[in-house]
Amino acid sequence: MIDYNPKEWFRYIFYFQKADTVRKLTPLILTIGVYSAIVAYLLLIHFRLGENNDLKNISLMHSLLGFVISMLLVFRTNTAYDRWWEGRKKWGSLLNDSRNLALKMNGLLDRQMKDERAFFEKMITNYAFSLKNHLRNQFIIEEFEDTAFFTRSDLKADEHIPNQIASAMFHKVIELQRAGIILPEHTILLNTQLESFTDICGACERIRNTPIPLSYSSFIKKFIFTYCLTLPIGYAFSLHFLVIPFVMFVFYILASLEVIAEEIEDPFGVDSNDLPIERICNSVKTSAKALLS
């Protein structure tokens, strides 16, 4: 995620980053421009059609459908942003629950129990990093920190890594209860955070694995494409060859909204507009270390 000052207008008007929609849409924008030039040439130069031609009335269709396409794109971007914001809330909850679990274990485990304290310190951190990698369909073994009770060799790389780590933490809590180090009511107290880890993981998987329905996404793309293809036919008589930059600009605006929505609806990747998951994981690591080391 790129950090920026939203109050700086002038700077970001002329700022283009690697993932900017202009760069992604440049081939299509140029294609639309060439198409518009050909249509304008055929209508105005080759066929010499006048302004009284019935084709000019096609612009009425754009006036009628402009409201419809705007409503569709607003709904599309709002739906995508809701997914982005829900993902941010879930990772904010993971950070809070990690801190709460570390805080409770700090109070329940004596300073002399260094191995047990180190176990929860590292496993809380391991869960955050493993969830990040799980949502990106990867497994980075170097980000896993070994403990005296659970090491890398205990992991099954082809299975659900976050679940394995959460299970190891819950199993350790039960062991401490059976050993009389913590009381049964303490287990109930800790269970809130342990359960929330799995709930957060499931919610993030739902966001990642459930994109907008194909028929809806396909319809929006067809709508934008058809709308822009008919623009030069309707406006060539009034704008003449100025219709070329006009159509290119309209296509850029409409297609950019769809591209932005596609990018932010899966917020767990490494794109510039995705969530700052790396930063959150490092915050979890810092908090757990400060409380339990």
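Procedures and definitions
- Residues numbered from 1 in each chain as written.
- Predicted model: local features only at pLDDT ≥ 70, side-chain atom pairs only at ≥ 80, totals over all residues.
- Heavy atoms only, no water.
- Core = buried A, V, L, I, M, F, W, Y, C linked by side-chain atoms within 4.5 Å.
- Buried < 20%, exposed > 50% of the residue type's maximum accessible area, 1.4 Å probe, protein only.
- Helix = DSSP H or I, 4+ residues; strand = E, 2+ residues; numbered from the N terminus.
- Contact = heavy atoms within 4.5 Å.
- Polar contact = N/O pair within 3.5 Å; in protein donor to acceptor, adjacent residues only side chain to side chain.
- Axes fitted to C-alpha atoms, helices over the stretch in contact; angles between N-to-C directions.
- Parallel < 35°, antiparallel > 145°, perpendicular 65-115°, else oblique.
- Left-handed = near helix turned anticlockwise from the far one by under 90°.
- Nonpolar A, V, L, I, M, F, W, Y, C, P; charged D, E, K, R; others polar.
- pLDDT = per-residue confidence, 0-100.
- Salt bridge = Lys/Arg side-chain N within 4 Å of Asp/Glu carboxyl O.
- Expected span 1.5 Å × (residues − 1).
- Arc of directions from axis to C-beta.

**Quick look at the nonpolar core**
With 48 residues, the main nonpolar core has Trp-91, Phe-120, Tyr-127 and Met-169 as its most contacted residues. Sorting the residues of this core by element identifies α3 (58-108), α4 (114-135), α5 (161-178), α6 (184-209), α8 (243-264) and α9 (277-292) as the ones contributing at least two each. In this structure Phe-120 touches Met-105, Leu-109, Met-169, Lys-172, Val-173, Leu-176 and Leu-292, once residues within four positions along its chain are discounted. Judged by nonpolar contacts, the second largest core, of 26 residues, contains Leu-25, Ile-32, Leu-44 and Ala-236.

**Regarding unusual backbone geometry**
Even without being glycine, Asn-137 reaches a positive phi, approximately 55 degrees. Here Asn-137 shows up in the loop between α4 and α5. On the basis of relative accessibility, which here comes to 66%, the residue Asn-137 falls in the exposed class.

**Quick look at the side chain of His-134**
By the secondary structure assignment, His-134 is in helix α4. A residue is classified by how much of its surface remains accessible, and His-134, at 18% relative accessible area, is buried. One polar contact links His-134 to His-160, side chain to side chain, over a distance of 3.4 Å. A polar atom in the side chain of His-134 sits 2.6 Å from the side chain of Glu-205.

**Notes on the packing of α3 against α8**
Across the interface, α3 lies against α8 with an axial gap of 8 Å and an inter-helix angle of 20 degrees. It follows that α3 is roughly parallel to α8 by the angle criterion. Handedness of the α3/α8 crossing: left-handed. Only Leu-254, Leu-257, Glu-258, Ala-261, Glu-262 and Ile-264 of α8 make contact with α3, whose side of the interface consists of Ile-69, Leu-73, Arg-76, Thr-77, Ala-80, Tyr-81 and Trp-84. Classifying every residue of the contact of α3 with α8 by side-chain character gives nine nonpolar, one polar and three charged.

**With respect to the confidence of the model for the chain**
Do not read the predicted coordinates in detail wherever pLDDT is low. A residue-level look at the chain finds 95% of positions with pLDDT of 70 or above and a mean pLDDT of 91. Confidence, read as mean pLDDT per element, is least for helix α1 (residues 9-13) in the chain (68) and greatest for α4 (97).

**A few points about the pattern of salt bridges**
This model, assessed by the stated rule, comprises eleven salt bridges. A salt bridge links Glu-175 to Lys-172, with the shortest nitrogen-to-oxygen separation between them at 3.5 Å. Of the two residues, Glu-175 and Lys-172 are both situated in helix α5; the distance of three residues between them amounts to about one turn of the helix. Taking the shortest distance from any N to any O, the salt bridge between Lys-221 and Glu-262 comes out at 2.5 Å. Of this pair, Lys-221 sits in helix α7 (residues 214-239) while Glu-262 sits in helix α8, and the two are 41 residues apart along the sequence. By relative accessible area, Glu-262 is classed as partly exposed at 33%. Salt bridges linked by common partners bring Arg-76, Lys-221, Glu-258, Glu-262 and Glu-265 together as one network.

**What about α9?**
Residues three or four positions apart in an α-helix share a direction because the helix packs 3.6 residues into each turn. With 16 residues, α9 ought to run about 22 Å at 1.5 Å a step, and its terminal C-alpha atoms sit 22 Å apart, in line with that. Within α9, the full set of buried residues consists of Ile-277, Ile-280, Cys-281, Val-284, Ser-287, Ala-288 and Leu-292. Along α9, the residues classed as buried sweep out an arc of 125 degrees about the axis, all on the same side. Looking at α9, the residues exposed on the side facing more than 90 degrees away from the buried face are Thr-286, Lys-289 and Ala-290.

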